Amino acid sequence: MVYSQRSPGSRRLLLLLLLLTALESGSGHVHYSIPEEVKHGTFVGRIAQDLGLELVELVPRLFRVSSKGYRDLLEVNLQNGILFVNSRIDREELCGRNAECSIHLEVIVDRPLQVFHVEVEVKDINDNPPRFLRREQRLFILESRIVDSRFPLEGASDMDVGANAELKYKLNPNEYFDLDVKTNEEETNILELVLKKALDREETQEHLLLLTAVDGGKPELTGTVQLLISVLDANDNAPKFDKSVYNIRLLENAPNGTLVIKLNASDADDGINKEIVYLFSNLVLDNVRSKFIIDSNSGEITVKGELDYEDCNLYEINIDAVDRSSFPLTGHCKVIVKLLDENDNTPEMVITSISLPVQEDASLGTVIALISLSDRDSGPNGQVTCFLTPHVPFKLVSTFKNYYSLVLDSALDRESVANYELLVTARDGGSPSLSATASVSVEVADVNDNAPTFAQAEYTVFVKENNPPGCHIFTVSARDADAQENALVSYSLVERRVGERALSSYVSVHAESGKVYALQPLDHEELELLQFQVSARDAGVPPLGSNVTLQVFVLDENDNAPALLPLPGAGGAGGAVSELVWRSVGAGHVVAKVRAVDADSGYNAWLSYELQPAAGGARSPFRVALYTGEISTTRSLDEADSPRQRLLVLVRDHGEPALTATATVLLSLVESGQAPKASSRVLAGAAGAETALVDVNVYLIIAICAVSSLLVLTLLLYVALRCSAPPSEGACGPGKPTLVCSSAVGSWSYSQQRRQRVCSGEGPPKTDLMAFSPSLPQGPGSADIPRQPNPDWRYSASLRAGMHSSVHLEEAGILRAGPGGPDQQWPTVSSATPEPEAGEVSPPVGAGVNSNSWTFKYGPGNPKQSGPGELPDKFIIPGSPAIISIRQEPANSQIDKSDFITFGKKEETKKKKKKKKGNKTQEKKEKGNSTTDNSDQ
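Residues numbered from 1 in each chain as written. Predicted model: local features only at pLDDT ≥ 70, side-chain atom pairs only at ≥ 80, totals over all residues. Heavy atoms only, no water.

## A closer look at the confidence of the model for the chain
Right, so step 1: Looking at the chain, the pLDDT average stands at 74 and 69% of residues meet or exceed 70.
Right, so step 2: Under a pLDDT of 50 for its full length, residues 569–574 has, in the predicted model, 12 contacts with residues more than four places off or in other chains. (pLDDT = per-residue confidence, 0-100. Contact = heavy atoms within 4.5 Å.)

This is the structure in structure tokens:
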């Protein structure tokens, strides 16, 4: 409606209405009312305006209306925000005979999510006339019935409510019957036909009456039924009940056979006319007959079918008591059964508008889902409460009556819990209460909040040198606790300089698999350790990353052949050694020594020497020590030996495969009257050496001239070396100790040319004694026949200084290489003994370099070898009154779990062995061979 002008009073009224509308919309609940049966498009209300929503935001915010169970009766025009009737609304169809009838609407808008509740009340109009169940009602009345007798009639029903359902009855005018209408406590009408004049069957056998029902609506609507009354002859007294109406209260779901009531009627007649039969009246409906049954003899009414309060809560049963006369008389009563509600319906739950998945960084209070509840029961049985599974980051918030919102209550972490299975429980107020549950699966969407992590902060990789370019050496793997692209990890090198070159020229890493490749062959002699970092970064926004350190140790391979060293004072560095040998020397005399080194390390640098067989198979009077390279005589020389001896010494390392080098040694035998010049050793080529020895007579003349002076000098030097003590400090100076290892062929010393100086055999002996607990079994190489110890055997000053002390051996056999050096575990070797049960200690020489270690070998009297983890009981030091004994404590000893070496006197051991034969002979041999070198041990 359009107004041309507005008065100040109308303006104030309009402002007041707008204020009330705003307050109502702010509360989220709007109420409308419309009559039923209005036309399509009928205006209901300006719902958008009443809810405080702008028309322009209805479509962007996805404005929608839902009504549970009412189809599309109402609709909203999104252009103008008006709620209108979309289809026919029949109040009786929606709500039946309920006094109140409303349509509940849910108005939902997004961005942000809001829910409004609208209640549209449907008002009743008088659109239903009163209706009788039958078109006609037949009554049988005896003519003997007295005046004022009453006969029950079936009333009409009106589907409307309120005043529209208030019925009035009227009977067409007649002289015999009148209508009496009463209202019971249930506010239902009881119709009775009252006889106001005695009947005469002979005058009128049937009476036809018209009963009219008029409702209270405007305009009034009516309904009619014909009453067909047949007048019966005979019986004077009809049966009578105690009451005309019986009110019974019965629990719903009463089992079949439950007694409702036992009726009792009496008849004043005698004989057969007094016998009564109880029957359902013709007025009883079929649905009542399906629920109850009556015993015709006893008058007991029992339950026959299922009683459901929600389907029907009130039953009216008309009972006839009929006597057995030929012309039976009938008494009437009504039984009204009112059902009492039981809590037999579980709550119903509907979950709508689910917003999934939920970001793990979603703010508190975010609405996840909407929940509506209902229960068909009434009273406390229909009051429903809702609650959620405990200990979850969500909660339920009540919005309106039986409506709840599922909202976020605390922070989410997808890495801890990626999915929540929520259990929503609805419970009514009955006793016992009933409940219904619904499962809501809430998926948590990932955000990039976790950086990739490695299992270790540092990895150690061992790679053999000379690897092929592009070979795979290691695989790094990082794990990202995030999901999808946030968990996609890519790998890259953290670039740095390695010497003069970039790190990327040595290694590369595959971006996806994390495989690390060596781009070029690595050389142990050039680069022993390559340390770098690999970075792992995810694909999230922003990306997160972490680093891991790789230590790549380059392992040595046998790629360097032994290299021969020149002798000190020699004029060249060729492969030949030229020496003069006195023919009168005895067996075991050292005539020359071959020296060699290997640039490799470990077993690959452990050198051994062997003498090649002479041409023609002739047996040479010389031999070479296996690990020292010293060439000595095997017997006394005689005139039959060639004056010129050409020896080929093969130097071999222990690598796989072994590499070799060959040294040529030219020996010139000098007659007994001449003295060999011990210091004339030179290193020259094989061809040069042969040329220098073409004329042996020249050397013999020189030897004869200098024999006297050189012989005296040689003896003095020999005595001084054997008797004088070595200095406290080694000739090589301080340095890292040499690693001593054992194998099937004996002990060997590990020394790297780049780290330590190579000391010659003429220098002072080492001052350190290092022994390790054996951990490897002895191989066949240790089973060689041991030789008697040489009296001029030398031992270090530090060993002599500790004769009366104990040397503690580390149980695990760990050798510490010095500050900053790695700890190595190496096995120990056995020893050789000059006496049956004694032992001899000798410093081994391996790979052409000095060693700080000692070897132990058993003598001929006790050739047994130590087993794994064992040491010899004791051994002696030749030339010294001391003896070294080894005490091993059991592994479970509480005193000490280490091995000990103690020093004592050799005489104590000899006293224990006096009964054994051959000791004196052995000692004499030991003194007689004082000039024999023990280098072959």
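## A few points about unusual backbone geometry
Right, so step 1: The omega angle of the peptide bond from R111 to P112 is -5 degrees, so this bond is cis rather than trans.
Right, so step 2: For E37, which is not glycine, the phi torsion reads 65 degrees and is therefore positive.
Right, so step 3: Checked against the element boundaries, E37 lands in the loop between β1 (29–35) and β2 (43–45).
Right, so step 4: The partly exposed category is assigned to E37, whose relative accessible area is 28%.
Right, so step 5: Unusually for a residue other than glycine, R111 sits at a positive phi of about 60 degrees.
Right, so step 6: Considering the arrangement of structural elements, one finds R111 in the loop between β6 (102–109) and β7 (114–123). (Helix = DSSP H or I, 4+ residues; strand = E, 2+ residues; numbered from the N terminus. Buried < 20%, exposed > 50% of the residue type's maximum accessible area, 1.4 Å probe, protein only.)

## Points about the pattern of salt bridges
Right, so step 1: Applying the stated criterion across every chain yields a total of 19 salt bridges.
Right, so step 2: Note that D90 and R88 form a salt bridge whose closest N and O atoms lie 3.2 Å from each other.
Right, so step 3: For E671, the salt bridge is made with R583, and the minimal N-O distance between the two is 3.3 Å. Separated by 88 residues along the polypeptide, E671 in the loop between β51 (660–670) and β52 (682–684) and R583 in the loop between β44 (576–582) and β45 (590–593) bring together distant segments of the chain.
Right, so step 4: E671 sits in the partly exposed class, given a relative accessible area of 33%.
Right, so step 5: Via salt bridges that share partners, E37, R88 and D90 belong to a single interconnected network. (Salt bridge = Lys/Arg side-chain N within 4 Å of Asp/Glu carboxyl O.)

## Focus: the sheet that holds β2
Right, so step 1: As summarised here, the arrangement of the three strands in space is β2-β5-β4, forming an open sheet in which the pairing is antiparallel. In this open sheet, the two strands that pair with only one neighbour each are β2 and β4 (74–77). Taking the axes of each pair of neighbouring strands and ignoring which way they run, one obtains an average angle of 40 degrees across the sheet.
Right, so step 2: Pairing of β2 with strand β5 (residues 82–85), which is carried by two bridges, proceeds in the antiparallel orientation. Looking across to β5, one finds that F43 is bridged to F84. (Pairing = 2+ DSSP bridges. Axes fitted to C-alpha atoms, helices over the stretch in contact; angles between N-to-C directions.)

## Topic: the sheet that holds strand β27 (residues 384–388)
Sheet strands pair via backbone hydrogen bonds, and the direction of the pair is either parallel or antiparallel.
Right, so step 1: Sheet architecture is open: four strands sit in the order β25-β31-β30-β27, paired in mixed fashion. With partners counted over all chains shown, the strands left at the sheet margins are β25 (358–359) and β27, one partner each.
Right, so step 2: Both strand β30 (residues 419–428) and strand β31 (residues 435–445) contribute to a ladder of nine bridges, which runs antiparallel. Bridging across to β31, A426 finds its partner in A436.

## Structural notes on the environment of R537
Right, so step 1: Among the secondary structure elements, R537 is positioned in strand β41 (residues 529–538).
Right, so step 2: Along the chain, R537 and T453 lie 84 residues apart, while their C-alpha atoms are 9.5 Å from each other.
Right, so step 3: Setting aside residues up to four positions removed in sequence, R537 forms contacts with P452, L488, V489, S490, P543, L544 and G545.

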